[in-house]
Amino acid sequence: MSSNAPAGNAPADNEPVPHAPVRFDTKIAVLLREDLEPWQRLNVTAFLVSGLGPTVPEVIGEPYEDADGVSYLPMFRQPVVILEGTKETLTAAHGRALSRALPRAVFTSDLFATGNDRDNRAAVRAVTTGELDVVGLAVYGPRNAVDKVVKGSRMHP
């Protein structure tokens, strides 16, 4: 038996361990302002993460298929961490995401008053970066960088 051969059922060093936990070197985080209504939290989260897949295609996994062969759309390949914080926490996180040039999506309070994509984009465009009333922020990047962006937030209940 060679020294590189697996003992018993253990995989060789270069083979993945079946059912071993996967730890991603990247992170997807959504940070929501703590004063949002429950329906707003869900809506903001859905809008924020919708931009990641087309912009950062590596976050998308393979399509799904059930035992009957019915196909389903692919989803993110990794968990999405949902956090919350104060208005000040969101403002600081927004600034840190910008300074680190991480892929990000923003949802401002003005978007609750619009009803379509064109008006949403116009509402964001009408406000300077420093004056945006950020109620939601999605960010993707290396774990360490994302953790620094969302510093001061807490896990969503």
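Refer to the structure printed above.
Small disclaimer: the values here were computed from a predicted structure and weren't measured.

Colleague: Quick one: what's the story with the overall build of the chain, residue by residue and with numbers?
Modeller: From N to C terminus, the chain includes 5 helices and 7 strands. Each helix (α) and strand (β) of the chain, taken in turn from the N terminus, gives the series β-α-α-β-β-β-α-β-α-β-α-β. Counting only residues that meet the buried cut, the chain has 32% of its 157 residues in that class. Counted over contacts in the chain with a minimum sequence separation of 6, partners at least 24 positions apart contribute 73%.

Colleague: Lay out the nonpolar core with the relevant residues and their values.
Modeller: Generally speaking, soluble globular proteins have nonpolar side chains that are buried together. If you look at the biggest cluster of nonpolar residues, it comprises 15 residues, and the most contacted ones within it are Ala29, Leu31, Leu102, Leu137, Val139, Val149 and Val150. Sorting the residues of this core by element identifies β1 (26–33), α3 (87–99), β6 (134–142) and α5 (143–149) as the ones contributing at least two each. Sequence-distant contacts of Val149, defined by excluding residues within four places in its chain, comprise Ala93, Arg96, Ala97, Arg100, Leu102, Leu137 and Val139.

Colleague: Could you give an account of the sheet that holds β1, with specific residues and numbers?
Modeller: What the 5 strands build is an open sheet, ordered β5-β6-β1-β4-β7; its pairing is mixed. The strands lining the two open edges of the sheet, one partner per strand, are β5 (104–108) and β7 (154–155). Pairing of β5 with β6, which is carried by 5 bridges, proceeds in the antiparallel orientation. Within β6, the position partnered with Val106 by the bridge is Leu137. This element, helix α1 (residues 38–50), spans β1, β4 (80–85), β5 and β6 of the sheet and lies at about 145 degrees to β1.

Colleague: Which residues make up α3, and what values go with them?
Modeller: Taking 1.5 Å of rise per residue, the 13 residues of α3 would be expected to cover 18 Å, and the 19 Å separating its terminal C-alpha atoms lies within 8% of that figure. Of all the residues in α3, the buried ones are Thr89, Leu90, Ala93, His94 and Ala97. The arc that holds the buried residues of α3, viewed along the axis, is 135 degrees, so those residues lie on one side. Set apart from the buried face of α3 by more than 90 degrees, the exposed residues are Glu88 and Ser99. Contacts made by the buried residues of α3 are with β1, β4, β5, β6 and α5. At the C-terminal side of α3, Ala101 shows a positive phi close to 55 degrees.

Colleague: Any details on unusual backbone geometry? Residues and values, ideally.
Modeller: Positive phi, normally seen in glycine, also occurs at Ala101, with a value near 55 degrees. By the element assignment, Ala101 lies in the loop between α3 and β5. Under the relative-accessibility criterion, Ala101 is labelled exposed at 60%.

Calculation notes
- Residues numbered from 1 in each chain as written.
- Predicted model: local features only at pLDDT ≥ 70, side-chain atom pairs only at ≥ 80, totals over all residues.
- Heavy atoms only, no water.
- Helix = DSSP H or I, 4+ residues; strand = E, 2+ residues; numbered from the N terminus.
- Buried < 20%, exposed > 50% of the residue type's maximum accessible area, 1.4 Å probe, protein only.
- Contact = heavy atoms within 4.5 Å.
- Core = buried A, V, L, I, M, F, W, Y, C linked by side-chain atoms within 4.5 Å.
- Pairing = 2+ DSSP bridges.
- Axes fitted to C-alpha atoms, helices over the stretch in contact; angles between N-to-C directions.
- Expected span 1.5 Å × (residues − 1).
- Arc of directions from axis to C-beta.

By themselves these figures say nothing about function.
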